[in-house]
Amino acid sequence: MSRRAPLRVVGQPVPRVDAVEKVTGRARYVTDLVLPGMAHAKILRSPYAHARVRRVDTARAGARPGVIAALSGADLTWCDPYFGPAFRDRPVLAIDVARYEGEPVAAVAAVDELTAAEALDLIDVDYEPLPAVSTLEEALAPGAPLVHTGEPLAGHFADLATLRPQPGTNVCHRFQWARGEAAAALAGADLVLEDTFRFPPVQHYAMEPHAALAAWDETGALTVWAGTQNPYSVRVELAKMFGVPLGRIRIVVPHLGGGFGSKTYAKLEPLTAALARATGRPVRLAASAAEAFQTVRRCSARVSVRVGLRRDGTLVGVTCDADYDVGAYADIGPRVVQKGTYTATGPYRVPHVALDARAVYTNTTPGGAFRGFGVPQLAWALESLLDVAADRLGRDPVDLRRQNLLAHGEEFAPGDTPIDGKLEESLGHAAQAIGWTQTGAADRGRGVAAMLKASVAPSVSEAIVRLHADGSVAVLASAVEMGQGTRTVLAQIAAEVLAVPVARVTAVPPDTAITPYDQTTSSSRSTTMTGRAVQMAAEDVREQLFRVAAEHLGVPARELALADGAVVAAAGRLAYPEVLAIRFGMSGGELIGRGVVAPGRTAAPLGGSTPFWEMAAGAAEVSVDEETGAVRVERYVSVADVGRAVNPLLLEGQDEGGVVQGLGHTLLEEMVYEEGHLLNGTLLAYRVPRADDVPRALECRFVENADGSGPFGAKGAGEGSLIPVSPAVANALARLTGVRLRDLPLTPERVWRALRARGSR
Amino acid sequence: MLRPFVLHRPRTAEEACALLARLGEDAAPYAGGTELLLLMKLGLLRPRHLVDVKRVAGFDDIADGVRLSIGAGVTHRTVERSAAVQARCPLMASVARHVGNVRVRNVGTVGGNLAFADPHSDLATLFLALDASVELVSPRGRRELTLAEFVRGPWETARAADELLTSVRLTPWPASTAAAFVKFGVHERPTLGIAVALRLDGSGTGRARVVDARIAIGCVNPCPARAPGAEARLSGVALAELEDVAGEAAALAAASADTADDLYGSADYKREMVAVFVRRALRAAAARARGVAPVAGFPHTIVA
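Reading the values: rules and limits
- Residues numbered from 1 in each chain as written.
- Chains lettered and ligands numbered in written order.
- Predicted model: local features only at pLDDT ≥ 70, side-chain atom pairs only at ≥ 80, totals over all residues.
- Heavy atoms only, no water.
- Pairing = 2+ DSSP bridges.
- Helix = DSSP H or I, 4+ residues; strand = E, 2+ residues; numbered from the N terminus.
- Axes fitted to C-alpha atoms, helices over the stretch in contact; angles between N-to-C directions.
- Contact = heavy atoms within 4.5 Å.
- Salt bridge = Lys/Arg side-chain N within 4 Å of Asp/Glu carboxyl O.
- Buried < 20%, exposed > 50% of the residue type's maximum accessible area, 1.4 Å probe, protein only.
- Domains from an automatic or database assignment.
- Polar contact = N/O pair within 3.5 Å; in protein donor to acceptor, adjacent residues only side chain to side chain.
- Phe/Tyr/Trp six-rings, centres within 6.5 Å; stacked < 30°, edge-to-face > 60°.
- Buried area = accessible area lost by both parts, 1.4 Å probe.
- Nonpolar A, V, L, I, M, F, W, Y, C, P; charged D, E, K, R; others polar.
- 1 Å grid on protein atoms, 1.4 Å probe; cavity = no way out; pocket = protein on both sides within 12 Å on 5 of 7 lines; lining within 4 Å.
- Points joined across faces, edges and corners; volume = space filled by probe spheres on them.
- Expected span 1.5 Å × (residues − 1).
- Parallel < 35°, antiparallel > 145°, perpendicular 65-115°, else oblique.
- Left-handed = near helix turned anticlockwise from the far one by under 90°.

**Looking at the sheet that holds strand 15 (residues 249-252) of chain A**
Residue and element names in this part refer to chain A.
Working step 1: Taken together, seven strands build an open sheet; the order of strands is 3-8-1-16-13-14-15 and the sheet is mixed. Only two strands of the sheet have a single neighbouring strand rather than two, namely strand 3 (67-72) and strand 15. Neighbouring strand axes in the sheet, compared pairwise and without regard to direction, differ in orientation by 20° on average.
Working step 2: In this sheet, strand 14 (residues 222-226) lies alongside strand 13 (residues 211-216) in antiparallel orientation, the contact comprising five bridges. Paired with W216 across the strands is L222, a residue of strand 14.
Working step 3: Sheet contacts for helix 3 (residues 113-120): strand 1 (39-45), strand 3, strand 8 (104-110) and strand 16 (283-286); angle to strand 1, the most-contacted strand, approximately 25°.
Working step 4: Here helix 7 (residues 269-279) sits on the sheet in contact with strand 1, strand 3, strand 8, strand 13, strand 14 and strand 16, set at roughly 35° to strand 13.

Structure representation (structure tokens):
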């Protein structure tokens, strides 16, 4: 009966459950945590992009009063000193070779941060500088210096276990994929366009830099409080490193001050745990914002795309050759390359496709996961080229895209997950909201772009929901709250199923000793996968309530419903505390529900590989100061196909953040390397978007057809809004000025140069 | 991270100079700390002694006489809000409102900004255009240097190690002076700053004529520099004709700039931007002289 009742909590703009603790400064992050006897750690980093580390002498540092331990790579004989999700190619501290400027070479744990920092000055390192490669061109040149020479150990993903770098080159991984006959299709196309686009290395700049606090207890068990997006992956890394069973490692995740992918997989946790082991004390390692630039970044890319179309605008073939710069260590780069490239054709129907991508090592900060996971680099190329195609064919860019969009239910590729949204609606709304068909001001240009992205697969989430004796609810799940609002959303889902106010639900922070397995908080998956697990766990509790009440009331369970914290039947009403008292014979005990989302047992109605497709469109209106080349995004509209917005307030905030972050790499951001030396590794010289860079009109809208595989028809969101930003802005600029930019960011100087090359009109 | 240091808090300039003389290379004068502490946190500077000049008597005074004198310890915020500055040199108040960011303005000082001699300093460019001078005091006595004499190069001044910058002084130009400061850039520090000041004669708006012009170019040169060719070209030009001459003056200014490639842009781009923004600054100044507020309107641009 009431199982089909209108939604009460889901779909509401519920304020975030942790808002007050955050705005009052009471929310605790790793750096707020203190343990008795805790030591503080600092890292000595390589000043060279590439150097042989001949000797590290930590004796003077270790002898300094207040220093508890000083470690170099050579000291780590009592553990496996390598880690990494794709390849275990990254040493905790450099071993024999330092492969990028900023690579940790030694570390000190001391009674306070200052003592540790001063002890770093006493460490003598004998470096022999080696030739370095800091660009794709240098790394791929014949006879280029090699970043890695040996074969790395496999990481912890079964699907990546077969990967091997190409010996004798800097190619860390090559991914090739084809369907149909792309060469023949392009040969027979009426219009073939080809161009090469570049995407810069950029920094996530999470407000909270990386931090970890590790402590070994008297039984030899390890606890790490870590600012990580995936505690269960970190646990695997540490278990391998120290040869400790998973059950004896506990990862606790307090609040995160932003992640964006920078806190996926182990980062500082291995070093912190090693220092804690070496010192026999709890050790906290808190990196600075500048050190984030030396920890992980987005993989930069050079992407050559060829598209073939028929005269009527039908896409017939696409080839894409993409080289991603993954920096000095693989991190998750090979998967970024693989997954990003696989969807290089975007949300379009393309019968003939040939994709060839390489992950390339360079002597720069390792590239890893970053909001969009390889897709922004390719969407920048394809969506730019589609506008060129529209221009050449005399077609409207919106119409040309609409004509080629994959339809709802259509397979992305034969055998793969069918499309579970209606992108034509998103594109239509975006175009309409920007006033696409209306005449605009002469000094404004408009552009659109669309995106499609797969989520991580296979993908496992488990959840536990506990109904306590007083009728309050605890949700145990390991989705990490990093500002996106997952605690609120998970609480809403449980509150919806169990018919209680959100305020009666507590979402327990992730703790691998308490909250059950969740693969990762990334890939826009938490609401869909973890949320679905929570929904199932809450439904499990609901069924238990029904069983107890049905027996007690003598009515069939199917005649029961939940409302206002009670089981209701025509005959009467039992509040949850009463149901529990009946079940346990006393006012104690609790009902425990369990939810599992796993491949083969997902709720995905459409089946297939990715559990859902993330889809969005963006539309920009820009102006340009032709004398300086400065571009201003005057208006921006993002429309994401989210199935259902469980919390439209949080979703809007997340998508606004995505657009603004996208404006960063579109207009401002680029890590600039010169011979392996990062020239702008602080916020004085590296410019992230500020409040005054936000377009005066920024709208984030949603398409909701309840066609997602997540709870209540929801599906993933949060990355989609970022991806169309660069091509939408560049397309708008091209339509305004006739100038097509191929390299991001669109700095004033780049735009000015292009305008000058065009000449006056 | 910030390493430990000894903080000295002299009450007089003499004490401060004596400390600086005694401590030598190990000491740095310290006021707002907005530049110094950044470099200390990055480990680029490690003075073991900081001589805090904020408590030195008279350092936070703004004296309004024949000349306007701004104490070295006066914050940008205080300059912005000073009734004397607003009345005697409104451009200075307006520039102060846009220095750095709000945190810098609340603690950063005029003297600290000038003594640090960052080539991207707004104030050095402004004061160069306003014919300002700085007063320095040391155990050897007091001396006064023009801005051009004081700023010698990037992060380099004529200040001796035991000398203290005590104030900036200038004789404000008449209220009818047309002036503007324009800066441009996407980074925390500007890519370019241009200050223009045009002394006019003739009270009738239609007849006003430039009798003396100052154009100072900041950020792109090793240190702020005047553009004498452009200034000369503007001399005698009627306000009504300024627009026609602005392009020519801007080209002269650009030709005089000593630009180099760096993170802020290529040399040729910055040279061209000098021309663009000298033109815009002249236009803004002329608009003000006609009683019209200049419209900024350009992205990444501040018109003060």
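On we go from here.
**Section: the sheet that holds strand 1 (residues 6-8) of chain B**
Residues and elements named next belong to chain B.
Working step 1: One open sheet accounts for three strands, arranged 1-3-2; its pairing is parallel. Single-partner strands in this sheet number two, and they are strand 1 and strand 2 (27-30). If you compare each strand with its neighbour and ignore which way they point, the axes differ by 25° on average.
Working step 2: Bridge analysis of strand 1 against strand 3 (residues 49-52) gives three bridges, and the strand direction is parallel. Within strand 3, the position partnered with V6 by the bridge is H49.
Working step 3: Most of the contacts of helix 1 (residues 13-23) go to strand 3, to which it runs at about 165°, and overall it touches strand 1, strand 2 and strand 3.

**What to know about the pattern of salt bridges**
Residues and elements named next belong to chain A.
Working step 1: All told, the structure shown has 76 salt bridges over all chains when counted by the stated rule.
Working step 2: A salt bridge links R758 to E626; its shortest N-O distance comes to 3.1 Å. With R758 in helix 18 (residues 748-758) and E626 in the loop between strand 30 (613-625) and strand 31 (630-641), this pair connects stretches of sequence that are 132 residues apart.
Working step 3: Residue E626 is classed as partly exposed on the basis of its relative accessible area, which comes to 38%.

**Let's talk about the domain arrangement of chain A**
Working step 1: By domain assignment, chain A separates into domain 1 (2-26 + 459-597), domain 2 (36-132 + 207-258 + 262-292), domain 3 (165-200 + 301-394) and domain 4 (405-454 + 612-761).
Working step 2: The centre of domain 2 of chain A, based on its C-alpha atoms, is set 37 Å off from the matching centre of domain 4 of chain A.

**What to know about the side chain of S472 of chain A**
Residues and elements named next belong to chain A.
Working step 1: For S472, the location among the structural elements is in the loop between strand 23 (461-467) and strand 24 (473-476).
Working step 2: A distance of 2.7 Å separates polar atoms of two side chains, one belonging to S472 and the other to D470.
Working step 3: Dropping the residues within four chain positions of it, S472 is found in contact with R466, L467 and R504.

**Things to note about the pairing of strand 11 (residues 178-184) of chain B**
On any regular strand, side chains alternate: one points to one face of the sheet, the next to the other face.
Residue and element names in this part refer to chain B.
Working step 1: With respect to burial, strand 11 is a largely interior element, seven of its seven residues being buried.
Working step 2: Two strands pair when backbone bridges link them, and strand 11 and strand 12 (residues 192-201) are joined in this way by seven bridges, in the antiparallel orientation. Across the sheet, the residue bridging to F181 is A195, located in strand 12.
Working step 3: In the sheet, strand 11 pairs with strand 15 (residues 301-303) via three bridges, with the strands oriented antiparallel. Its bridge partner being in strand 15, K183 is matched across the sheet by I302.

**A word on the packing of aromatic side chains**
Working step 1: By the definition in use, this model includes eleven aromatic pairs over all chains.
Working step 2: Plain terms: the ring middles of F293 of chain A and Y686 of chain A are 5.1 Å apart, the flat faces sit at 80° to each other, and that makes the pair edge-to-face. With F293 of chain A in the loop between helix 8 (289-292) and strand 17 (297-298) and Y686 of chain A in the loop between strand 33 (677-678) and strand 34 (697-703), the pair connects residues that are 393 residues apart, well separated along the chain.
Working step 3: Judged by its relative accessible area of 1%, Y686 of chain A is buried.
Working step 4: Ring plane angle 25° and centroid distance 4.8 Å describe the contact between F184 of chain B and F277 of chain B, whose orientation is recorded as stacked.

**Observations concerning the environment of R532 of chain A**
All names here are of chain A.
Working step 1: Looking at the secondary structure, you find R532 in helix 14 (residues 526-553).
Working step 2: The exposure class of R532 is buried, given its relative accessible area of 18%.
Working step 3: Placed 518 residues apart in sequence, R532 and V14 show a C-alpha to C-alpha distance of 19 Å.

**Details of helix 7 of chain A**
Residues and elements named next belong to chain A.
Working step 1: Burial analysis of helix 7 places nine of its eleven residues in the buried class, the great majority of the element.
Working step 2: Every buried residue of helix 7 is listed here: E269, P270, L271, T272, A273, A274, L275, A276 and T279.
Working step 3: One or two residues past the end of helix 7 sits G280, with phi positive at roughly 70°.

**Overview of the pairing of strand 7 (residues 141-146) of chain B**
All names here are of chain B.
Working step 1: The pairing of strand 6 (residues 133-138) with strand 7 spans six bridges and is antiparallel. By the bridge assignment, S133 is partnered in strand 7 with T146.
Working step 2: Here strand 6 hands over to strand 7 after two residues, the two strands then running antiparallel side by side.

**Some details on the domain arrangement of chain B**
Residue and element names in this part refer to chain B.
Working step 1: In terms of domains, chain B is made up of domain 1 (62-170) and domain 2 (178-303).
Working step 2: Measuring from the centre of the C-alpha atoms in domain 1 to the corresponding centre in domain 2 gives 21 Å.
Working step 3: The interface is formed by 21 residues belonging to domain 1 together with 25 residues belonging to domain 2.
Working step 4: Interface area for domain 1 against domain 2, summed over the two sides, is near 1,800 Å², with a carbon-plus-sulfur share of 63%.
Working step 5: It is H120, T125 and L128 in domain 1 that bury the most area against domain 2; as a group they hold 32% of the surface buried on that side.
Working step 6: Within the residue set of the side of domain 1 that touches domain 2, elements represented by two or more residues are helix 5 (90-96), helix 8 (122-129) and strand 8 (151-153).
Working step 7: It is helix 8 that provides the largest number of residues to the side of domain 1 that touches domain 2, a total of six residues.
Working step 8: Of the residues that constitute the side of domain 1 that touches domain 2, the class distribution is eleven nonpolar, six polar and four charged.

**Some points on empty space enclosed by the protein**
Residue and element names in this part refer to chain A.
Working step 1: Here the structure, examined in full by the defined rule, presents eight cavities of 30 Å³ or more.
Working step 2: Estimates place the volume of the largest cavity at around 150 Å³.
Working step 3: For the largest cavity, the lining is made up of 16 residues, of which F83, R90, V92, P104 and K267 are closest to its centre.
Working step 4: Of the residues contributing to the lining of the largest cavity, the split by class is ten nonpolar, two polar and four charged.
Working step 5: Lining the second largest cavity are 13 residues; nearest its centre among them are T343, G346, V375, A379 and L452.
Working step 6: Of all elements in the fold, only helix 10 (375-393) and strand 22 (445-454) reach the threshold of two or more residues within the lining of the second largest cavity.
Working step 7: The residue makeup of the lining of the second largest cavity, split by class, is nine nonpolar, three polar and one charged.
Working step 8: When residues of the lining of the second largest cavity are assigned to domains, at least three fall in each of domain 3 (165-200 + 301-394) and domain 4 (405-454 + 612-761).

**Quick look at helix 16 (residues 648-668) of chain A**
Working step 1: Its 21 residues place the ends of helix 16 of chain A 29 Å apart at the C-alpha level, agreeing with the 30 Å of an ideal helix rising 1.5 Å per residue.
Working step 2: Where helix 16 of chain A begins, the side chain of N647 of chain A points an oxygen toward the backbone nitrogen of L649 of chain A, at a separation of 3.1 Å.

**What to know about the packing of helix 16 of chain A against helix 17 (residues 725-737) of chain A**
Residue and element names in this part refer to chain A.
Working step 1: Close contact between helix 16 and helix 17 brings their axes to 8 Å; oriented N to C, the two are set at 60°. With respect to helix 17, the element helix 16 is oriented oblique. The interaxial crossing formed by helix 16 with helix 17 has right-handed handedness. Packed against helix 16, whose contacting residues are V659, G662, L663, H665, T666 and L667, the element helix 17 presents V725, S726 and V729 at the interface.
Working step 2: Across the contact of helix 16 with helix 17, the residue classes tally to five nonpolar, four polar and no charged.

**Focus: the interface of chain B and chain A**
Working step 1: Of the residues lining the interface, 27 residues belong to chain B; the matching set on chain A comes to 28 residues.
Working step 2: Taking both sides of the interface into account, the surface hidden between chain B and chain A amounts to around 2,300 Å²; carbon and sulfur atoms contribute 58%.
Working step 3: Between the two partners, chain B and chain A, sit seven salt bridges.
Working step 4: Residues R279 of chain B and E627 of chain A are paired through a salt bridge, measuring 2.3 Å at the closest nitrogen-oxygen approach.
Working step 5: For the interface between chain B and chain A, the tally reads 13 residue pairs in polar contact (both at pLDDT 80 or more).
Working step 6: Residue contributions to the side of chain B that touches chain A peak at eight residues, all from helix 12 (residues 267-289) of chain B.
Working step 7: Here the residues of the side of chain B that touches chain A sort into 14 nonpolar, five polar and eight charged.

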